[in-house]
Amino acid sequence: LRTAPKERLISLDTLRGFDMAMLLGIGGILIALAELTGWGWMEALATQQHHVEWVGFRFYDLIFPLFMFISGVAIPYAINSKIEKGVARSLLLKKIFIRLLALIGLGLLYNGALSRGFTNLRYASVLSQIGFGYFFAALICLYTRSMRARILWLLGIMGGVAVLQLFVPVPGYGAGTFEAGTSINAWLDQRLIPGRLYGEVYDPEGFLCIVSAISITLMGALAGFLIRNKQYTPTRKALFITLGGVGVLAIGLALSPFYPVIKKMWTVSYVLLAAGVSALLLALFYYVIDVKGSKNWTLFFRVFGMNSITIYMGARIIDFHDISRFFLNWTSVHINEQWGAVFITTGVLMLEWALLLFLYKRKIFLRV
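What you are looking at is a predicted structure, and each value in this text was computed from that prediction instead of being measured. (Residues numbered from 1 in each chain as written. Predicted model: local features only at pLDDT ≥ 70, side-chain atom pairs only at ≥ 80, totals over all residues. Heavy atoms only, no water.)

Draft legend 1. Here's a closer look at the overall build of the protein chain. Regarding its fold elements, the protein chain presents 16 helices and zero strands. Each principal axis of the C-alpha distribution contributes one length, and for the protein chain these read about 60 × 55 × 45 Å. A total of 368 residues make up the protein chain; the buried ones form 51% of that total. Long-range contacts, defined here as pairs at least 24 residues apart, represent 73% of the contacts in the protein chain between residues at least 6 apart. As presented, the protein chain carries roughly 17,300 Å² of accessible surface, and 65% of it is formed by carbon and sulfur atoms. (Helix = DSSP H or I, 4+ residues; strand = E, 2+ residues; numbered from the N terminus. Buried < 20%, exposed > 50% of the residue type's maximum accessible area, 1.4 Å probe, protein only. Contact = heavy atoms within 4.5 Å. Areas by Shrake-Rupley, 256 points an atom, 1.4 Å probe, with all protein chains shown as cover.)

In structure tokens form, the structure reads like this:
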């Protein structure tokens, strides 16, 4: 636990908070409103709050990679700014390694290591993937001194994943298979990931998914370096990030006819699509908040964004739905029974926000 560091991008905290709020409450409210109203446009929004079954892309498929992209944007502020101040690289390496271990441990806790033990435990997790993605992206930024070298690392990682997924034959099935049980992801997960796999024969946070996710974290870091670069005006930075996002998005779409967009495999086409949209969102939030100075509306999201790991773990441990029903169920039924689900889901979001606001006011932040 520590207070917030001085050098922070308000837009980055706001975007991270927007991402977490969509995951933890706003998406549920949209789904409840769609069921209540039956309006076509609202149902279309609600559909975007669910993962695609396998191939394709919806907004809900963006939430996880957006968080990893944002964690990458923070690397130049957390790591390279300290190098500029003379902090030894060995100390920074120790710091990011401890962060990796902490996230792996929290991931095991989230998956039930203390409640159900290690028998048939799922070892892969969202938090461990965030940890590995950040660790290796930060490692690259820590020990490379030029943008060219970092871009070459990025291209090498994506190229390596693409070669494995498209051209390396899976024993018994051949190369370029993108079914759940016959892909190179599944073959590697069954041999390299201990314990239970989320998808039985593969894991969406498995070995090759982790390697692929390093690339989106590194793309976030490249955006972070651009924002810290004093050579350009803030408006030009926002423009460059927008153009980069459009370009990456276009490449992902161009690849998609023969290289499917599959979140559960973290295909390179999916990573490029997610990174492109993430960059566009970053450019929008950065321009509106940090360039134009429109900050009065950001508190709601910043409260989520500055304690994102806290609320992610807290929502797993604390049954906010049960608490919301305890306080609001009678009221929701008697005001309008049809609005009950919307009322309860909104209560969940506000309870989560109230807890985080309490911590925010006391400058208590969980940083890992």
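Still more ground to cover, so stick around.
Draft legend 2. Inspection of unusual backbone geometry at higher detail. Positive phi, close to 70°, is recorded for Glu200, a residue that is not glycine. Residue position: Glu200 is located in the loop between α9 (184-192) and α10 (207-228). Although it is not a glycine, Trp266 sits at a positive phi angle of roughly 50°. When its relative accessible area of 0% is taken as the criterion, Trp266 is described as buried.

Draft legend 3. Expanded view of the packing of helix α14 (residues 308-317) against helix α16 (residues 340-361). For the pair α14 and α16, interaxial distance at closest approach is 11 Å and the crossing angle is 135°. Judged on the interaxial angle alone, α16 and α14 are oblique. Handedness of the crossing formed by α14 with α16: right-handed. Within the contact between the two elements, α14 uses Thr310, Ile311 and Ala315 and α16 uses Glu352, Leu356 and Leu359. Looking at side-chain class alone, the contact of α14 with α16 contains four nonpolar, one polar and one charged residues. (Axes fitted to C-alpha atoms, helices over the stretch in contact; angles between N-to-C directions. Parallel < 35°, antiparallel > 145°, perpendicular 65-115°, else oblique. Left-handed = near helix turned anticlockwise from the far one by under 90°. Nonpolar A, V, L, I, M, F, W, Y, C, P; charged D, E, K, R; others polar.)

Draft legend 4. The arrangement of the packing of aromatic side chains in detail. Tallied over the full model, the rule gives 21 aromatic pairs. Between the aromatic rings of Tyr232 and Phe240, the centroid separation amounts to 5.2 Å while the plane-to-plane angle is 85°, which identifies the pairing as edge-to-face. By way of ring pairs, the aromatic residues Phe18, Phe59, Phe285, Trp297, Phe300, Phe301, Phe304 and Trp353 are connected into one cluster. The aromatic ring of Tyr77 is capped on one face by Arg228, whose charged end is 5.6 Å from the ring centroid. The lysine or arginine in question, Arg316, covers the ring of Tyr110, its NZ or CZ lying 4.9 Å from the ring centre. (Phe/Tyr/Trp six-rings, centres within 6.5 Å; stacked < 30°, edge-to-face > 60°. Lys NZ or Arg CZ within 6 Å of the ring centre and 35° of its normal.)

Draft legend 5. Just the pattern of salt bridges, in detail. As enumerated under the stated definition, the model contains five salt bridges in all. A salt bridge links Arg16 to Asp13, with the shortest nitrogen-to-oxygen separation between them at 2.8 Å. Of this pair, Arg16 and Asp13 both sit in helix α1 (residues 10-37), three residues apart, which is roughly one turn of that helix. The partner of Arg122 in a salt bridge is Glu205, and the shortest N-O contact between them spans 2.5 Å. Of this pair, Arg122 sits in the loop between α6 (113-116) and α7 (126-143) while Glu205 sits in the loop between α9 and α10, placing them 83 residues apart in sequence. The exposure classification of Arg122 matches that of Glu205, with both residues buried. By sharing partners, the salt bridges in this structure join Arg122, Asp203 and Glu205 into a single network. (Salt bridge = Lys/Arg side-chain N within 4 Å of Asp/Glu carboxyl O.)

Draft legend 6. Up close: the environment of Phe207. Relative to the helices and strands, Phe207 resides in helix α10. The class of Phe207 is partly exposed, set by a relative accessible area of 35%. Considered as a pair, Phe207 and Ser115 are 92 residues apart in the sequence and their alpha carbons are 25 Å apart.

Draft legend 7. Fine view of the environment of Leu366. Among the secondary structure elements, Leu366 is positioned in the segment after α16. It is 6.1 Å that separates the C-alpha atoms of Leu366 and Thr310, two residues lying 56 residues apart in sequence.

Draft legend 8. Structural context of the confidence of the model for the protein chain. Summary statistics for the protein chain give a mean pLDDT of 94 and a share of 97% for residues scoring 70 or more. Segment residues 2-6 is flagged for pLDDT under 50; beyond a separation of four residues in sequence, or across chains, it makes ten contacts in the model. (pLDDT = per-residue confidence, 0-100.)

Draft legend 9. View of the side chain of Arg122. A relative accessible area of 7% means that Arg122 is categorised as buried. At a separation of 2.7 Å, a polar atom in the side chain of Arg122 contacts the side chain of Asp203. Excluding its chain neighbours within four sequence positions, the residues that come into contact with Arg122 are Leu108, Asn111, Arg196, Tyr198, Asp203, Pro204 and Glu205. (Polar contact = N/O pair within 3.5 Å; in protein donor to acceptor, adjacent residues only side chain to side chain.)

Draft legend 10. Representation of helix α8 (residues 147-167) in the model. With 21 residues, α8 should cover 30 Å at 1.5 Å per step; its first-to-last C-alpha distance of 29 Å lies within 8% of that length. For α8, the full list of buried residues reads Arg150, Leu154, Ile157, Met158, Val161, Ala162, Gln165 and Leu166. Projection of α8 onto a plane perpendicular to its axis shows the buried side chains occupying an angular sector of 145°, all on one side. Residues of α8 that are exposed and angled more than 90 degrees away from the buried face: Arg148 and Phe167. Looking at the buried residues of α8, the elements they touch are α4 (75-84), α7, α9, α10 and α12 (268-291). (Expected span 1.5 Å × (residues − 1). Arc of directions from axis to C-beta.)

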